[in-house]
Amino acid sequence: GGKESEVLYFLVCAMRASNNTYIGPMKEIAVNVNCSKATVQRAMDTLADKGFAAMELDCVWRINPSMVIKGNSSKEKVLTDAFLVVQKEYDEKRKSRKNGKKREDATGKEKAGGENILINKSKQADSYGLQESACFYRCVITLLQEAELC
């Protein structure tokens, strides 16, 4: 969707280059992207599912350094390792939350297939879809940085 791109663009432009983090509430993102907080939440869920970002703490998002990094290869490795740890923890929290909601479902019916599947970058790094998307975003981000729009 279009808002995921806008949210990702905002995160990359507003992130701290030293550690690839964005610190701020979703309301701030919503104001800057001109949408509702609920739309930002859906966009962030999608970005997390695709391996582009992961929530480290409340109001702290870590951006995947394989998409955008400012620094050398050793910095990229350190940030990538940190991102994978944060992503794993966040995915586990989200999976636990979704499974809790599934159990609480009053109808007793299972949710549609695929809804509880979370994407883990380490398991699906070779997935054509992620590589294609990551390449697209990396190219867009590079162009934006070269044009000094971020």
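Here, every reference points to the structure presented above.
Overview of the structure. Per chain, the residues get numbers from 1 upward, laid out in the order the sequence is written. Residues qualify for local features only when their pLDDT is at least 70, as the model is predicted, and side-chain atom pairs are given and counted only at 80 or more; totals for whole chains, interfaces and linings, by contrast, use all residues. Values shown for side chains rest on all heavy atoms present in the structure; no hydrogens or waters enter the calculation.

A word on helix H1 (residues 2-14)
Think of it this way: any DSSP run of H or I at least four residues long counts as a helix, any run of E at least two long counts as a strand, and we number them from the N terminus. Expected helix span is given by 1.5 Å per residue-to-residue step, counting one fewer step than there are residues. For H1, with 13 residues, the first-to-last C-alpha span of 19 Å sits near the 18 Å given by 1.5 Å per residue. Listed in full, the buried residues belonging to H1 are Glu4, Val7, Leu8, Phe10, Leu11 and Val12. Burial classes: relative accessible area under 20% of the type maximum marks a residue as buried, over 50% as exposed, and values in between as partly exposed (1.4 Å probe, protein chains only).

With respect to the side chain of Thr21
Inspection of the secondary structure assignment puts Thr21 in strand S1 (residues 21-23). Taking relative accessible area as the criterion, Thr21 reaches 3% and is therefore assigned buried. Nitrogen and oxygen atoms within 3.5 Å of one another constitute a polar contact, given that in protein one can donate a hydrogen and the other can accept it, and given that sequence-neighbouring residues count only through two side-chain atoms. A polar atom in the side chain of Thr21 sits 2.6 Å from the side chain of Asn19. Every residue pair with non-hydrogen atoms within 4.5 Å of one another is taken to be in contact. Setting aside its immediate chain neighbours within four residues, Thr21 contacts Met15, Arg16, Glu56, Trp61 and Arg62.

Examining the environment of Met26
You can see Met26 is positioned in helix H2 (residues 26-33). A relative accessible area of 14% means that Met26 is categorised as buried. Distance in space between the C-alpha atoms of Met26 and Gln41 is 7.3 Å, their sequence separation being 15 residues. Among residues more than four places away in sequence, those in contact with Met26 are Lys37, Val40, Gln41, Met44 and Trp61.

A few points about the pattern of salt bridges
Salt bridge, as applied in this entry: a Lys or Arg side-chain nitrogen positioned within 4 Å of an Asp or Glu carboxyl oxygen. In total, this model carries five salt bridges according to the counting rule given. Across the pair Asp45 and Arg94 runs a salt bridge, and its minimum N-O distance is 3.9 Å. Taken together, the residues Asp45 in helix H3 (residues 37-49) and Arg94 in helix H4 (residues 73-104) connect sequence positions 49 residues apart. Of the residues examined, Asp45 reaches a relative accessible area of 24% and is grouped as partly exposed. Among the residues examined, Arg94 registers a relative accessible area of 3% and is labelled buried. The network of salt bridges with shared partners includes Asp45, Asp49 and Arg94.

Observations concerning the pairing of strand S3 (residues 60-63)
The alternating pattern of S3 places Val60 and Arg62 on one face and Trp61 and Ile63 on the opposite face, and all of these are buried. Pairing analysis gives three bridges linking S1 to S3, with the strands arranged antiparallel. In the strand pairing of S3, Tyr22 is matched with Trp61. With four bridges connecting them, strand S2 (residues 53-57) and S3 associate as antiparallel partners. Bridge assignment links Leu57 to a residue of S3, and that residue is Val60. The antiparallel hairpin formed by S2 and S3 contains two residues in its connecting segment, where Cys59 sits at a positive phi of about 70°. Only strands joined by at least two bridges in the DSSP assignment are considered to pair.

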